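If you want the building blocks of each chain, they are given just below.
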Amino acid sequence: MARMKTNPGNFFEDFTVGQVIDHATPRTVTEGDRALYGAIYPTRFAVPSSAEFAASVGLADQERGHPVEELVGFHVAFGKTVPDVSLNAVANLGYAECRFHVPVVPGDTLRTRSEVIGLKENSNGRTGVVWVRSTATNQRGEVAIDWARWVMVHKRSTESPAPTTVVPDLAPAVEAADLVVPAGLDFSSYDDVAAGSPHRLGDYEVGERIDHVDGVTLTDAEHMMATRLWQNTAKVHFTTDARPDGRRLVYGGHVISLARALSFNGLANAQLVAAINAGAHVAPAFADDTVHAWSEVLDTATLEAPGVGALRLRLVATRGRDESMTLRSEDGTYADGVLLDLDYWALIPR
Amino acid sequence: MARMKTNPGNFFEDFTVGQVIDHATPRTVTEGDRALYGAIYPTRFAVPSSAEFAASVGLADQERGHPVEELVGFHVAFGKTVPDVSLNAVANLGYAECRFHVPVVPGDTLRTRSEVIGLKENSNGRTGVVWVRSTATNQRGEVAIDWARWVMVHKRSTESPAPTTVVPDLAPAVEAADLVVPAGLDFSSYDDVAAGSPHRLGDYEVGERIDHVDGVTLTDAEHMMATRLWQNTAKVHFTTDARPDGRRLVYGGHVISLARALSFNGLANAQLVAAINAGAHVAPAFADDTVHAWSEVLDTATLEAPGVGALRLRLVATRGRDESMTLRSEDGTYADGVLLDLDYWALIPR
Amino acid sequence: MARMKTNPGNFFEDFTVGQVIDHATPRTVTEGDRALYGAIYPTRFAVPSSAEFAASVGLADQERGHPVEELVGFHVAFGKTVPDVSLNAVANLGYAECRFHVPVVPGDTLRTRSEVIGLKENSNGRTGVVWVRSTATNQRGEVAIDWARWVMVHKRSTESPAPTTVVPDLAPAVEAADLVVPAGLDFSSYDDVAAGSPHRLGDYEVGERIDHVDGVTLTDAEHMMATRLWQNTAKVHFTTDARPDGRRLVYGGHVISLARALSFNGLANAQLVAAINAGAHVAPAFADDTVHAWSEVLDTATLEAPGVGALRLRLVATRGRDESMTLRSEDGTYADGVLLDLDYWALIPR
């Protein structure tokens with residue numbers, strides 16, 4: 001009976017298409033989160049760094065302060081889904097259609113709801129793939145972030161019958177026209193000097209690759225603190241007794257935030273993450289790995305908001321610095337050392 | 001003369017029954033403390049996590065925000081007493097009659113005053129036991145927390161005469177009727193889904209034990225950061241040159257907070273710590289220890305506040321996971337691996 | 001072309017006397033910074049610790065809160081200069097004439113501007129010394145901190161001609177009469193008990209040395225988190241692949257803050273840093289070094305503000321505890337184990 005009170009997580013059999021899950025627990029974002037994010041990731045983007053700069057581009061709210069990094073909201077919202085969706089996951093297979101709507105500012109309380117949008121049992125009969133669409137809303141009921149994600153989950157029993165296969169139709173990327181520009185955003189009087197770079201939308205060419213030069217060697221204390229901030233409590237991140245090799249697996253989102261922060265050096269004006277089109281955690285990361293990053297410009301777009309453009313970027317994190325910026329090996333698999341392959345849209349001044 | 005300006009701490013001879021000590025330094029609790037607490041401990045209790053949830057149970061103050069974890073206040077208040085009470089302590093022997101009164105919210109400034117309520121020299125003539133009752137008040141002079149504690153302290157000289165022995169009469173546990181329920185607390189419209197568990201007071205049976213499953217492997221960086229937050233500067237926690245084995249001793253309160261946070265998985269609705277009846281730091285903890293926890297239900301009570309009940313819990317932290325949840329060995333001593341044995345009351349919806 | 005978008009830093013040839021550099025990126029200081037500072041450094045000074053205490057000495061602003069440690073402002077302001085001034089530095093040679101003007105409180109946004117005030121090529125033709133005077137202002141345009149600093153920087157090419165040598169005339173120390181006392185500061189009703197020490201200006205004698213007793217063993221996680229907070233992204237602090245020995249060099253300012261915090265034990269009433277006269281990072285520090293500190297009283301002064309005096313202190317940080325408090329070896333070089341030799345003014349009640 002005691003065991004029944006702890007969360008065993010859901011198994012493949014527990015999911016049905018159309019099922020809606022309200023995730024515990026709502027969480028209020030504060031200036032403390034902003035400070036910790038800046039202590040754990042080498043971020044310098046001017047909007048989250050400076051209330052004054054944020055106000056100069058129309059994003060500061062006198063009462064409520066200025067936006068935190070979009071990824072703070074993403075990690076908080078995502079963390080809520082773990083106990084219900086991926087506690088028994090074998091692997092996080094992908095993300096799609098992630099869009100950032102109303103900016104998250106200190107004082108906002110986020111809650112997350114997920115709907116199961118797809119199921120497919122694997123031929124081995126032991127696991128299945130679950131697709132969910134999750135939506136994070138603030139205390140005013142406004143959508144802050146929504147995204148689709150699919151994970152491979154263990155079945156409770158190989159005896160259980162397979163459900164009808166439903167594979168959702170997910171866009172390979174969010175269309176530029178579908179990007180949400182935060183209300184009030186105005187880059188027409190953008191201060192390049194304060195932001196740290198003169199390079200705007202027109203300075204980036206599709207196909208261009210940028211080596212972000214800087215790097216960070218991971219420590220267990222830092223990735224655990226970051227992962228706890230998001231209330232993501234998956235055991236593999238926190239204990240040396242959860243894996244045969246005795247190592248603590250770094251939360252994939254930690255590598256995303258680290259790579260995004262490193263990308264400041266070369267993409268300082270790619271101020272706001274507007275959408276995540278796709279993401280693959282190619283290899284696990286562990287303490288003592290030194291993470292570097294490079295980006296490739298995949299697309300550019302001009303948006304309607306004053307002075308606002310968008311860059312579609314491939315952000316690649318690697319173990320050790322790869323100055324050759326090689327994504328693929330000759331055999332078509334990922335090059336050795338690639339940890340993360342993320343496809344996202346960022347808002348940048350034209 | 002130079003040495004005279006640094007704090008040598010008090011020795012057994014420096015204490016007299018009835019003596020009152022006002023501890024330095026007052027400290028203002030902020031949202032930064034809440035965020036750091038959440039980064040260092042895997043806590044997910046909905047009241048401190050969400051201003052919105054706290055308001056739904058009557059605990060959010062529009063101006064001043066919502067309560068931080070009760071243990072944040074406890075550690076801050078306790079830390080103040082260390083330089084005066086336990087800098088020369090051989091051992092922390094116990095706690096009793098700890099009650100949480102007015103909740104601590106960001107912006108509150110806590111100061112702590114202690115009164116010596118007992119003294120007993122040990123037969124060896126080298127040490128003695130000092131009992132103090134400490135009270136933490138906020139900037140409005142309201143009592144936030146009070147508790148009794150006793151420690152074994154070195155004598156300055158074996159020559160000093162023994163004081164008259166005074167052993168205070170301390171209750172084995174706070175009576176349910178004496179628990180303080182925060183003003184305005186109302187669990188009658190409690191949201192189980194947001195809180196993360198359907199299990200309320202009536203679902204727990206006296207004698208029931210709950211294995212909290214999750215664990216955390218300790219790091220020096222994290223326990224030092226936590227301990228500094230509380231301005232507890234006892235050398236043994238921070239330097240490798242303070243102990244023969246070169247290890248930094250983890251502050252006992254760190255294990256308490258870690259175990260309490262781990263207990264969310266099985267006790268998610270045990271929202272507020274109302275009292276600490278007793279506590280024993282059975283064995284020291286160090287970096288690389290993997291801490292797990294289990295709880296035993298000792299008692300249950302129905303309180304007058306709307307929808308509010310109380311669970312008296314034994315919270316046991318262990319080095320490594322003890323699925324057998326064994327507190328005692330056959331010889332009556334603590335089972336191997338037990339780090340902490342804490343007896344406390346938590347408020348939970350009926 | 002990709003590389004051109006990342007910051008290569010400036011080389012000796014890029015500096016000209018009179019040149020003004022506006023540094024990216026402005027940064028808003030918050031309560032989160034205060035909490036992290038207190039988690040990373042064992043500070044207990046009453047003014048930054050307690051809004052109530054700060055108000056009692058005239059420094060709390062109802063709307064804007066109470067001052068953070070002066071060194072929080074210094075590190076934030078200093079960090080901004082690194083990408084432009086010292087990314088290609090061989091060595092940080094010194095500081096001078098650093099004065100703290102308007103206190104920094106949560107909500108303040110700091111930006112830093114530097115002017116090149118001196119240049120001197122070294123005889124080797126490969127490096128040169130650059131002197132800059134930097135000024136940090138808040139969002140109201142008030143000067144928060146200003147200081148002079150000189151660094152040895154690589155030349156891009158040994159072929160480049162040497163510039164005219166200009167060596168600025170910098171004061172060996174800020175005169176007591178030039179110290180800035182924060183508006184409203186009044187120590188006339190100073191609470192020694194709350195502050196943690198009865199020792200005031202008159203209790204300190206010139207030449208007196210104080211061993212601060214306590215110590216801290218460094219960890220990579222903590223010094224990296226601190227250094228990131230200041231948005232100082234110099235690679236050597238963060239990666240094991242930047243130095244042949246694979247060690248992460250601890251940011252010099254980390255040792256300054258650590259030593260200043262340790263000095264509380266003996267200098268608890270030296271509440272506010274008013275000026276930094278000079279500073280030498282004598283030896284590099286690394287994780288696992290145990291840092292201790294001692295101070296020497298260099299001068300004392302009585303200022304006009306009510307109850308306010310000043311202590312000029314030499315703050316010395318050492319690897320391992322040096323109870324002999326030896327600064328120089330017999331051969332006149334620094335004694336073995338000395339990490340930092342800092343000369344500063346602190347405000348203390350008379």
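Residues numbered from 1 in each chain as written. Chains lettered and ligands numbered in written order. Predicted model: local features only at pLDDT ≥ 70, side-chain atom pairs only at ≥ 80, totals over all residues. Heavy atoms only, no water.

- Where an unreviewed UniProt entry is consulted, chain A appears under the name MaoC family dehydratase, with the organism given as Nocardioides baculatus.

With respect to the packing of aromatic side chains
- The final tally for this structure, using the stated rule, is 33 aromatic pairs over all chains.
- Ring centres of Phe-78 of chain B and Tyr-95 of chain B lie 6.2 Å apart, and the angle between their planes is 55°; this geometry places the pair in the tilted category. Separated by 17 residues along the polypeptide, Phe-78 of chain B in helix α4 (residues 70-86) and Tyr-95 of chain B in strand β3 (residues 89-100) bring together distant segments of the chain.
- Residue class for Tyr-95 of chain B comes out buried when judged on its relative accessible area of 8%.
- In textbook terms, an aromatic cluster arises when at least three aromatic residues are bridged by ring pairs, as seen for Phe-74, Phe-78, Tyr-95, Phe-100, Trp-147 and Tyr-251 of chain A.
- Above the ring of Tyr-204 of chain C, the side-chain terminus of Lys-5 of chain B is found at 4.4 Å from the ring centroid.
- It is Arg-260 of chain B that lies over the ring of Phe-45 of chain B; its NZ or CZ is 3.9 Å from the centre. (Phe/Tyr/Trp six-rings, centres within 6.5 Å; stacked < 30°, edge-to-face > 60°. Helix = DSSP H or I, 4+ residues; strand = E, 2+ residues; numbered from the N terminus. Buried < 20%, exposed > 50% of the residue type's maximum accessible area, 1.4 Å probe, protein only. Lys NZ or Arg CZ within 6 Å of the ring centre and 35° of its normal.)

Examining unusual backbone geometry
Residue and element names in this part refer to chain A.
- Looking along the chain, the bond that leaves Ala-24 and enters Thr-25 is cis, with omega of -15°.
- Here Thr-25 is to be found in the loop between β1 (20-22) and β2 (27-28).
- A positive phi angle is found at Glu-97, which is not glycine, with a value near 50°.
- Along the chain, Glu-97 turns up in strand β3 (residues 89-100).

Considering the relation of the copies chain B and chain A
- Mapping chain B onto chain A calls for a rotation angle of 120° and an axial translation of 0.0 Å; the resulting RMSD is 0.0 Å. Interpreted geometrically, this transformation is the action of a three-fold axis. Residue Gly-32 of chain B of chain B places its C-alpha closer to the rotation axis than any other residue of that unit, at 2.4 Å.
- By residue overlap, the copies meet through two different surfaces: only 8% of the interface positions of chain B are interface positions in chain A. (Least-squares fit on C-alpha atoms with pLDDT ≥ 70 in both. Contact = heavy atoms within 4.5 Å.)

Brief notes about the environment of Gly-18 of chain A
Residue and element names in this part refer to chain A.
- Along the chain, Gly-18 turns up in the segment before β1.
- Once the C-alpha coordinates of Gly-18 and Ala-77 are considered, the two residues, 59 residues apart in sequence, prove to be 20 Å apart.
- Apart from the residues lying within four places of it in its own chain, the contact partners of Gly-18 are Glu-115 and Val-116.

Observations regarding the interface of chain C and chain A
- Contact with chain C, which involves 35 residues of that partner, is made by 47 residues of chain A.
- In total, about 3,200 Å² of surface goes out of reach between chain C and chain A, with carbon and sulfur atoms giving 57% of it.
- On the surface where chain C and chain A come into contact, there are three salt bridges.
- Glu-52 of chain A is the salt-bridge partner of Arg-111 of chain C, the closest N and O atoms lying 3.7 Å from each other.
- Residue assignment for the side of chain C that touches chain A shows that the elements contributing at least two residues are β2 (27-28), α1 (31-40), β4 (109-121) and α6 (220-229) of chain C.
- Split by residue class, the side of chain C that touches chain A holds twelve nonpolar, twelve polar and eleven charged. (Buried area = accessible area lost by both parts, 1.4 Å probe. Salt bridge = Lys/Arg side-chain N within 4 Å of Asp/Glu carboxyl O. Nonpolar A, V, L, I, M, F, W, Y, C, P; charged D, E, K, R; others polar.)

Describing the pattern of salt bridges
Residue and element names in this part refer to chain B.
- One pass over the full model with this rule turns up 65 salt bridges over all chains.
- Among the salt bridges present, the one from Arg-113 reaches Asp-22, with a minimum N-O distance of 2.7 Å. Here Arg-113 is found in strand β4 (residues 109-121), whereas its partner Asp-22 is found in strand β1 (residues 20-22), with 91 residues between them in sequence.
- On the basis of relative accessible area, Arg-113 is assigned to the partly exposed category, the value being 46%.
- We classify Asp-22 as partly exposed; its relative accessible area is 37%.
- Note that Asp-289 and Arg-319 form a salt bridge whose closest N and O atoms lie 3.2 Å from each other. Taken together, the positions of Asp-289 in the loop between β8 (272-281) and β9 (290-302) and Arg-319 in strand β10 (residues 308-319) put the pair 30 residues apart, joining distant regions of the chain.
- Take Asp-289: its relative accessible area is 10%, and that puts it in the buried class.

Here we look at the interface of chain B and chain A
- Counting from both sides, the interface comprises 48 residues of chain B and, opposite them, 35 residues of chain A.
- In this structure, the connection of chain B to chain A is made through three salt bridges.
- Between Glu-222 of chain B and Arg-228 of chain A there is a salt bridge, and its shortest N-O distance comes to 2.6 Å.
- At the junction of chain B and chain A, the tally comes to 17 residue pairs in polar contact (both at pLDDT 80 or more).
- Only α1 (31-40), α3 (51-56), α5 (192-195), β7 (209-217), α6 (220-229), α8 (264-267) and β9 of chain B provide two or more residues apiece to the side of chain B that touches chain A. (Polar contact = N/O pair within 3.5 Å; in protein donor to acceptor, adjacent residues only side chain to side chain.)

Focus: the packing of helix α6 (residues 220-229) of chain A against α6 of chain C
- Across the interface, α6 of chain A lies against α6 of chain C with an axial gap of 8 Å and an inter-helix angle of 60°. For the element pair α6 of chain A / α6 of chain C, the angle class is oblique. Contacts from Ala-221, Glu-222 and Met-225 of chain A of α6 of chain A reach α6 of chain C at Ala-221, Met-224, Met-225 and Arg-228 of chain C.
- Class assignment for the residues of the contact of α6 of chain A with α6 of chain C results in five nonpolar, no polar and two charged. (Axes fitted to C-alpha atoms, helices over the stretch in contact; angles between N-to-C directions. Parallel < 35°, antiparallel > 145°, perpendicular 65-115°, else oblique.)

Overview of the environment of Trp-345 of chain B
- Among the structural elements, Trp-345 of chain B can be located in strand β11 (residues 338-349).
- In the structure, Trp-345 of chain B is positioned 68 residues away from Asn-277 of chain B in sequence and 7.5 Å away in space, judged by C-alpha atoms.

Remarks on the relation of the copies chain C and chain A
- When chain C is fitted onto chain A, the two copies agree to an RMSD of 0.0 Å after a turn of 120° and an axial shift of 0.0 Å.
- Mapped onto chain A, only 11% of the interface residues of chain C again fall at the interface, so the copies present different surfaces.

Digging into helix α4 (residues 70-86) of chain A
Residues and elements named next belong to chain A.
- The end-to-end C-alpha distance of α4 is 22 Å, a good match for the 24 Å that 17 residues give at a rise of 1.5 Å each.
- At Lys-80, α4 is bent by approximately 30°, the largest bend along its length, and proline Pro-83 sits one to four residues beyond.
- Counting buried residues in α4 gives 17 out of 17 residues, a clear majority hidden from the surface. (Expected span 1.5 Å × (residues − 1). Bend = angle between axes of the 7 residues up to and from the residue.)

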